[in-house]
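Per-entry structural report
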Amino acid sequence: MSDKGRLVLRAAREGCTGEMRAIAQKDTVTADNAYVQPIANIEASFAPPTDMKPVRLPVPVLLGTGLADSVLPPGRQYAAVAALCSAGNEVVWNTYPGATHNGGLIAAFPDALAFFKQTLEGKKTPSNCARIAEPGLPTTPAPGIPFND
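This section reports on the structure supplied with the text. Every chain is numbered on its own, with residues counted from 1 as its sequence reads. Reporting in this predicted model follows two pLDDT cut-offs: at least 70 for local features of residues, and 80 or more for side-chain atom pairs to be given and counted; totals over whole chains, interfaces and linings ignore these cut-offs and use all residues. Only hydrogens and water are set aside when side-chain values are computed; all heavy atoms of the structure are taken into account.

1. Thoughts on the overall build of the protein
Only DSSP runs of H or I covering at least 4 residues are called helices, and only runs of E covering at least 2 are called strands; the numbering of each starts at the N terminus. Per the secondary structure count, the protein includes five helices and two strands. Mapped in sequence order, the helices and strands of the protein form the string α-α-α-β-α-β-α. Projecting the C-alpha coordinates of the protein onto the three principal axes gives extents of approximately 50 × 35 × 30 Å. The 149 residues of the protein split such that 30% are buried. By sequence separation, contacts in the protein at least 24 residues apart represent 78% of the contacts at least 6 residues apart. By the counting rule applied here, Lys and Arg register as positive and Asp and Glu as negative, while His and the ends of each chain are not counted. Throughout, a charge is located at the NZ atom of Lys, the CZ atom of Arg, the CG atom of Asp or the CD atom of Glu. Each charge class in the protein was averaged separately, 13 positive and 13 negative side chains, and the resulting centres sit 5 Å apart. Only protein chains enter the accessibility calculation, which uses a 1.4 Å probe. A residue is then buried if its area is under 20% of the maximum for its type, exposed if over 50%, and partly exposed in between. Here, residues are in contact when the closest pair of their heavy atoms is within 4.5 Å.

2. What about the packing of helix 1 (residues 3-14) against helix 2 (residues 17-26)?
Two packed helices can be described by the angle between their axes and the distance between those axes. Two numbers describe how helix 1 lies on helix 2: the axes approach to 8 Å, and their chain directions differ by 165°. Considering their axes alone, helix 1 and helix 2 lie roughly antiparallel with respect to each other. Two packed elements cross with a definite hand, and for helix 1 against helix 2 that hand is right-handed. When helix 1 is examined against helix 2, the residues Leu 7, Val 8, Ala 11 and Ala 12 are found in contact with a partner set consisting of Glu 19, Met 20, Ile 23 and Ala 24. Charged residues are taken to be Asp, Glu, Lys and Arg, nonpolar residues to be Ala, Val, Leu, Ile, Met, Phe, Trp, Tyr, Cys and Pro, and polar residues to be all remaining types, Gly included. Across the contact of helix 1 with helix 2, the residue classes tally to seven nonpolar, no polar and one charged. Structural elements are reduced to axes, namely lines fitted to C-alpha atoms, with helices fitted over the stretch in contact, and the angle between N-to-C directions of any two is expressed from 0 to 180 degrees. Just so you know how the angles are binned, under 35 degrees is roughly parallel, over 145 roughly antiparallel, 65 to 115 roughly perpendicular, and the rest oblique. Helix crossings fall into two classes, left-handed where the near helix is turned counterclockwise from the far one by less than a right angle and right-handed where it is turned clockwise.

3. Describing the layout of surface pockets
Put simply, the largest pocket is a space of about 950 Å³. Using a 1 Å grid laid over the protein atoms alone, points where a 1.4 Å probe fits but cannot get out form a cavity; open sets with protein on both sides within 12 Å along at least 5 of 7 lines form a pocket; any residue with an atom within 4 Å of a point counts as lining. If you go around the largest pocket, you meet 30 residues; those closest to its centre are Val 8, Met 20, Tyr 35, Ser 70 and Val 71. For the lining of the largest pocket, the residue count by class is 18 nonpolar, seven polar and five charged. Grid points are joined across faces, edges and corners, and a volume is the space filled by probe spheres set on the points. In this structure, the second largest pocket encloses a volume near 260 Å³. Around the second largest pocket sit 15 residues that line it, and Gly 64, Thr 65, Gln 77, His 101 and Leu 105 are the ones nearest its centre. Listed by contribution, the elements that provide at least two residues to the lining of the second largest pocket are strand 1 (61-66), helix 4 (74-86) and helix 5 (101-120). Grouping the amino acids of the lining of the second largest pocket by side-chain chemistry returns seven nonpolar, seven polar and one charged.

4. Side note on the packing of aromatic side chains
Whether two aromatic rings pair depends on their centres lying within 6.5 Å, for rings of Phe, Tyr and Trp, where Trp uses its six-membered ring; planes under 30 degrees apart make the pair stacked, over 60 edge-to-face, and the rest tilted. Summed over the entire model, instances satisfying the criterion amount to two aromatic pairs. With 5.9 Å between their ring centres and 45° between their planes, Tyr 78 and Trp 93 make a pair best called tilted. Of the two residues, Tyr 78 is situated in helix 4 and Trp 93 in strand 2 (residues 91-96); the sequence distance between them amounts to 15 residues. Between the aromatic rings of Phe 115 and Phe 116, the centroid separation amounts to 5.5 Å while the plane-to-plane angle is 80°, which identifies the pairing as edge-to-face.

5. Quick word on the side chain of Asn 148
Tracing the backbone shows Asn 148 in the segment after helix 5. According to the relative accessible area criterion, Asn 148 is buried, its value standing at 14%. One polar contact links the side chain of Asn 148 to the main-chain amide nitrogen of Thr 100, over a distance of 2.7 Å. Not counting the four nearest positions on each side in its chain, Asn 148 is found in contact with Gly 98, Ala 99, Thr 100, Gly 103, Pro 141 and Ala 142. Counting of polar contacts relies on pairs of N or O atoms within 3.5 Å, with two restrictions inside protein: one atom must be capable of donating a hydrogen and the other of accepting it, and residues adjacent in sequence are counted only when both atoms are side-chain atoms.

6. Some points on the state of the cysteines
By definition, disulfides here are pairs of cysteine sulfur atoms that lie within 2.5 Å. Taken as a whole and assessed by the stated rule, the structure comprises one disulfide. For Cys 85, the disulfide goes to Cys 129, at an S-S distance of 2.0 Å. Given an S-S torsion of about -80°, the disulfide between Cys 85 and Cys 129 has left-handed geometry. One end of the pair, Cys 85, is in helix 4; the other, Cys 129, is in the segment after helix 5, and 44 residues separate them in sequence. By relative accessible area, Cys 85 is classed as buried at 16%.

Spelled out as structure tokens, the structure:
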């Protein structure tokens, strides 16, 4: 991390998105100046987005993905879902067109609430692993979704 990048990192450890955004804007922190080496070199060292290890979980899982999420791109989320499905988990994966990283939480809330209520009542929500498909690149954020920034 560069000196500018460390400012945002500290905000991430001690605060939330708002604090990080405020510092990044105030100090003009970008992906180009937050690191001591080019971001392309750093990204090249990441595991491929489909290189997720299958893990078996003891409970059903609901995952929601905003298809306009550029923080945790839908393709990476798909890879996690595919790995969970390949391990035999009971997974429900819902996608939300136009929802970003933050907006996805809002868009997914009704589904999450219903899923947890059903689970607590001992009812099973059918897995949709057989129907998942790679979503592609993040789309454009849609208007009208709260916190969809």
